[in-house]
Amino acid sequence: KLVLNYKGKNLKRVVVTGIGAITPIGNSKDDFWDGVLSGKNGIDYVTRFDTTEFRSQIGGEVKGFDGEKFISRKEASRLPLFIQYAIAGAVMARDDADINLDSIDPYRVGVGIGSGIGGICVMEENARALTLKGPKRVSPFFVPHEIINMASGRVSMLMNAKGPNFASVTACATSNNAIGEAYRLIQQSHADVMFTGGTEAAITPLGYAGFDSMRAMSTRNDDPKHASRPFDKERDGFVMGEGSGIIILESLEHAQKRNANIYAEIVGCGMTADAYDMVHPRNDGEGASKAMEFALRGAKLNPQDVDYINTHGTSTPVGDSAETSAIKMLFDDHAHRIPVSSTKSMTGHLLGAAGAIELIACIGAIEHSSLPPTINLENPDPECDLDYVPNEGRFAELNVVLSNSFGFGGHNTSIALKKYGGT
């Protein structure tokens, strides 16, 4: 079950065996899959705080989440949502994988969960306390509840996972980077099992104010359901979402030994940097194109092998056009024959958790032989002229898919996923 192609070392094959999802359209793997494949819309008015003075007043909030299903009441009252979402996703992934962690060497089980922004709500609360009441009123839990790596840390404590542990922070490419690193750790035999993905809970006044002042978010406040409209001519910015996507990766050998259910196989991961601008991608999409190319190269696949691309597709004027150019650059004439879509049209943009839930959407697409649609695509942009699976999903047998995530700072990531064939 080994492949020789990395500096003379044996590389293990890596498969997905467990899935957990907390999203604006469903708080379980199955609910999320049902929603994303049927075109469910999770965007509405923000309810967490008063948005009267904000340009953007809409978002993809998680609905009906109960942290006490996964942690104690005391912890649920203390822990910030980004950590609670990560724990919930990890517990669901563990249960879904039907894995007995007590039977595994804990030093062979690792955790790699990222977040783009982390405990921003904790920053806000303690900044107010400091300003209004002085330093003695800053919580002793401020630091451990605010720092991004604590999602990974808390999951490792819950699972007694003593192997590799890390947290990636690459803006909107965060969870793809985390999954890519976890994939390589197993591939190179540093771990047998990895909990990995991303988590985000940035729907807060400060989180919104920051993106609001950049004029990055949609202001279609009179029509929230149609605000996230990737590749549409009338798109005016992204819609912020929240939640988590956590998957369990295992070496194929380890999964087979315990007769695990295997959803799909990760076969490549490409990472590049634009080295261009803090927030804007290159107009020609060169860096993004190279990330996809490197993912396919690592998987020993050709562009013509790709059956579907889940795009970064944020619904921003510059970003969607640049990604379209990137796909054309790599796939040439084949670009118009590949269905591509943006599930952010339904969930909004989960920032550091986006790549993880979108990879989960890709796994669902493979499982159900169904392409997720790009909803709200009503007025096609002439610069965006690919097959974006507009408004309604459709049947398709999928063998190889790509999932793209790109972040502020010019971070580009692409993960290649393949249908598991049992060999």
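Structure first, text after, so check above.
Here's a quick rundown of the structure. Note that the structure is predicted; figures quoted are calculated from it, not measured.

1. Notes on helix α8 (residues 205-213)
Turning to α8, its buried residues number three or more, namely G207, Y208, F211 and D212. Considered in projection along α8, the buried side chains sweep an arc of 125 degrees and stay on one side of the axis. Turning to α8, the residues buried within the fold contact β5 (58-59) and α4 (120-133). Among the residues trailing α8, R215 stands out with phi positive, at a value near 60 degrees.

2. Let's talk about a nonpolar patch on the surface
A cluster of nonpolar side chains, namely M214, M278, V279 and F408, defines an oily patch on the protein surface of about 370 Å² accessible area. For F408, the location among the structural elements is in the loop between β15 (400-407) and β16 (411-418).

3. Points about the pattern of salt bridges
Summed over the entire model, instances satisfying the criterion amount to 23 salt bridges. Linking R229 and E378 is a salt bridge whose minimum nitrogen-to-oxygen distance equals 2.9 Å. Within this pair, whereas R229 is found in the loop between α8 and β9 (243-251), its partner E378 is found in the loop between β13 (370-371) and β14 (394-395), the two being separated by 149 residues in sequence. In this structure, K344 and E358 form a salt bridge, with 2.8 Å as the shortest nitrogen-oxygen distance. Remark: E358 occurs in helix α13 (residues 354-368) and K344 occurs in helix α12 (residues 344-347); sequence separation between them is 14 residues. Just as K344 is buried, E358 falls in that class too. Within the structure, one salt-bridge network assembled from shared partners comprises K12, E253 and K257.

4. Overview of the side chain of N221
On the secondary structure map, N221 appears in the loop between α8 and β9. In this structure the side chain of N221 is engaged in a polar contact, spanning 2.7 Å, whose partner is the backbone oxygen of R55. At 2.9 Å, the side chain of N221 forms a polar contact with the backbone nitrogen of Q57. When sequence neighbours within four positions are dropped, the list of residues in contact with N221 reads Y45, R55, S56, Q57 and I58.

5. Concerning the nonpolar core
F32, L249, I266 and L417 are the most contacted members of the largest nonpolar core, which totals 46 residues. Listing elements by their share of this core, those giving two or more residues are β3 (14-22), α1 (29-38), α7 (174-187), β9, β10 (264-273), α13 and β16. When residues in this core are grouped by element, the largest group, 10 residues, is from α13. L249 has contacts with V14, V15, V16, I179, A182, Y183, I186, D192, V193, M194, T196 and I266, leaving out every residue within four places of it along the chain.

Analysis parameters
- Residues numbered from 1 in each chain as written.
- Predicted model: local features only at pLDDT ≥ 70, side-chain atom pairs only at ≥ 80, totals over all residues.
- Heavy atoms only, no water.
- Buried < 20%, exposed > 50% of the residue type's maximum accessible area, 1.4 Å probe, protein only.
- Helix = DSSP H or I, 4+ residues; strand = E, 2+ residues; numbered from the N terminus.
- Arc of directions from axis to C-beta.
- Contact = heavy atoms within 4.5 Å.
- Patch = residues over 30% accessible without salt bridge, like charges linked within 9 Å, V, L, I, M, F, W, Y side chains within 5 Å.
- Areas by Shrake-Rupley, 256 points an atom, 1.4 Å probe, with all protein chains shown as cover.
- Salt bridge = Lys/Arg side-chain N within 4 Å of Asp/Glu carboxyl O.
- Polar contact = N/O pair within 3.5 Å; in protein donor to acceptor, adjacent residues only side chain to side chain.
- Core = buried A, V, L, I, M, F, W, Y, C linked by side-chain atoms within 4.5 Å.

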